[in-house]
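Inside the fold
Take a look at the letters that make up each chain.
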Amino acid sequence: MKTVYIVLGILLNTFGTMCFANSVNIDGIDYNLSEDGIYRTATISKIFRPYYDQSILSPHHQYINEKYSGDIIIPAFIEYDNKKYEVVIDSYAFYGCINITSVTIEEGLNTIPVYAFHGCANLERIQIPSTIKTIDDFAFSECKSLKNIYIPDSVSYIGIGIISGCQNINEIIVSENNPTFNSTNNCNAIMSNASNCLLAGCFNSIIPENTVKIGAYAFTGCDSLKDIALPTSLEIIDDYAFANSGLKQITFPLSLTEIGEYAFSNTALQSISIPSNVKSLYSTSFTECKDLSNIEVSIENPYYDSRNKCNAIIRTNGNVLYLGCKNTVIPDDTETITAYSFYGGNIDSLFIPASIKNIEINALGKCNQLTSIIVDERNNTFDSRDNCNAIIKSESSTLILGCQTTIIPKSVKTIGTMAFSHLETLNMLEFPEGLEIIDETAFYYSSISGALVFPSTLIKIGNGAFAFCNNITKVVIPSELEYLGWASFYFCEGIVDFQFTGLTPPVNSDYFLYDIYSPQTIKIPVGSLVAYQKSGIGDYFYNPYYYEEYTITSVNNVLNNVSTTPTYYDLQGRRVDNPQSGLYIKDGKKVFIK
């Protein structure tokens, strides 16, 4: 038995008892040992804990870990230094371990915590012992090679999404002796005895007739699921229940009353018919259904309607459009278009009638085929002045929603929150003089490309404004800019040239380029070095950075001043103007010059 340890420290707990903590590796698994005089615990600690502000940063970056591989055996106890320790699996313990192929959890352990094996893409087999009582949220989510799962009779708690994204699971069995859950009549699903809720299913599940609820994330990511029969007893379809599945058709029973957020998001549904008893649904319930072309609501439904065969879901009270599709014609009496109502839809044109008084953010996000936006000239709240192919809030001259053909009018003062967010067909865009504010997440995750030279009138770039815009190559910040938001250019992989034109840096600039792709050289005007150094503008960059002073005569000069000569640094981070044979750093990577 190979054992390697590092003493991490000796801590004194609040009762004055000595508490020891060591890090050891036993049989290829890392444990953190601790004892307080009564209990001894060996914790398989998390390798990675994902952190992001979902309003700004990306939930889509998958962490990959190659620390563990092959067949993993997790014991209930280990011995170290003649002492016995109880093993505990920590949350995220094996998160993203793509090289693990099988896991055997030995008898004695009682909890599989949240995200414990999330993203173990090549995990084919998991053996759960008869002592496990809890399988927590997303414990095995995104284990795409997992074929089956067996729930022993000891399990009394199962969290949400435990096998969400496990697209190849074809067999789900619950022990016949389990008093809390069942998989009755070989339904290939996990059912709750107490609530008749289906907690987890797969592409060949048969939903039992007495099912009242399909739980959150029950079929999420099930690519092979094309259709499924819903029982006449069903009342609730919870959040994300069928999201990202291959579902092409669905018939809702008359008993259905609630459809949760993102319940059918990013599915292949072509047509939906909302029955009369549905009283609760969301604008996100069917978001990103690109093939959706036909929407109907029962004429007997007192809460929602699809008046005038509009191919949309309208909340009757308040005349609010909740969901649209590529064939939607917004009724003339509609007053509000909700957030995400057309998000990810395959629409190519949109006409906003005079009755619309409120349009919520991101209503047209990710509408990549949209090329024509027209607002009725009689509308007193919004306009599409100068044939701009955008929606502008008239009173404040704020562009709130745009598309790939948008031309920003010179009269626009603000580009609003999420105006172009997630737009994948956006190319180069000209920012006119007069523009003052680019609000937070305005271009978040869009395909805007090329060199961004902002007008001299711009005073604010909001948080996350251009985060994850990988096609931007150059940025020129105007001298009058007062505020450069947090993560404003976060994870912009293509930026090779970032320039400031002001002698004084803008405020709140920390983390504006914080990521592994940050350029190593930040260009600043001659005479401004001290001001930028004192500001700490790059103190939180992921990579080491260097200031390079340059002489500027005009914004156009800045735009055209793109050096074609690569910049090299030695391994100590010092710039080398005439590199000879050897190892250097170029564009953030090690290169060898012969």
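All values derive from a computational prediction rather than experimental measurement. (Residues numbered from 1 in each chain as written. Predicted model: local features only at pLDDT ≥ 70, side-chain atom pairs only at ≥ 80, totals over all residues. Heavy atoms only, no water.)

Some points on the overall build of the protein chain
Looking only at helices and strands, the protein chain features 2 helices and 45 strands. Taken over 594 residues, the protein chain has a buried fraction of 52%. Across the protein chain, the fraction of contacts at a sequence separation of at least 24, relative to all contacts at a separation of at least 6, is 35%. (Helix = DSSP H or I, 4+ residues; strand = E, 2+ residues; numbered from the N terminus. Buried < 20%, exposed > 50% of the residue type's maximum accessible area, 1.4 Å probe, protein only. Contact = heavy atoms within 4.5 Å.)

Quick look at the pattern of salt bridges
One pass over the full model with this rule turns up 14 salt bridges. For Asp 497, the salt bridge is made with Lys 523, and the minimal N-O distance between the two is 3.6 Å. Remark: Lys 523 occurs in strand S40 (residues 521-525) and Asp 497 occurs in strand S39 (residues 497-500); sequence separation between them is 26 residues. Judged by its relative accessible area of 6%, Asp 497 falls in the buried class. Residue classification places Lys 523 among the buried positions, given a relative accessible area of 12%. A network of salt bridges, in which partner residues are shared, links Glu 288, Lys 290, Lys 366 and Glu 424. (Salt bridge = Lys/Arg side-chain N within 4 Å of Asp/Glu carboxyl O.)

Some words on the sheet that holds strand S5 (residues 65-74)
Within a sheet, neighbouring strands are paired by backbone hydrogen bonds and run either parallel or antiparallel to one another. Taken in spatial order, the 3 strands make up an open sheet running S5-S8-S10, and their pairing is parallel. In this open sheet, the two edge strands, each paired with only one partner strand, are S5 and strand S10 (125-127). Within this sheet the neighbouring strands show an average axis-to-axis angle of 25°, counted without direction. Where S5 lies against strand S8 (residues 97-105), 7 bridges are found, and the strand directions are parallel. (Pairing = 2+ DSSP bridges. Axes fitted to C-alpha atoms, helices over the stretch in contact; angles between N-to-C directions.)

Examining the pairing of strand S32 (residues 398-402)
For S32, the tally of buried residues reaches 5 of 5 residues, placing the bulk of the element in the interior. Pairing of strand S31 (residues 390-393) with S32, which is carried by 4 bridges, proceeds in the antiparallel orientation. Its bridge partner lying in S32, Lys 393 is registered against Thr 398. Pairing of S32 with strand S33 (residues 414-415), which is carried by 2 bridges, proceeds in the parallel orientation. Along S33, the bridge assignment pairs Leu 399 with Ile 415.

Description of the nonpolar core
Ile 74, Phe 94 and Phe 140 are the most contacted members of the largest nonpolar core, which totals 52 residues. With 4 residues, the top contributor of residues to this core is S8. Excluding anything up to four places from it in sequence, Ile 74 contacts Ile 44, Val 87, Ile 89, Phe 94, Val 103, Thr 104, Ile 105, Glu 106, Leu 109 and Phe 117. Ranked by size, the runner-up nonpolar core spans 41 residues in total, among them Ala 390, Ala 465, Val 475 and Ile 477. (Core = buried A, V, L, I, M, F, W, Y, C linked by side-chain atoms within 4.5 Å.)

A short note on the sheet that holds strand S15 (residues 181-182)
Read from one edge to the other, the open sheet built from 6 strands follows the order S15-S16-S17-S18-S19-S20, with strand pairing classed as mixed. Two strands bound the open sheet, and with one partner strand each, they are S15 and strand S20 (258-259).

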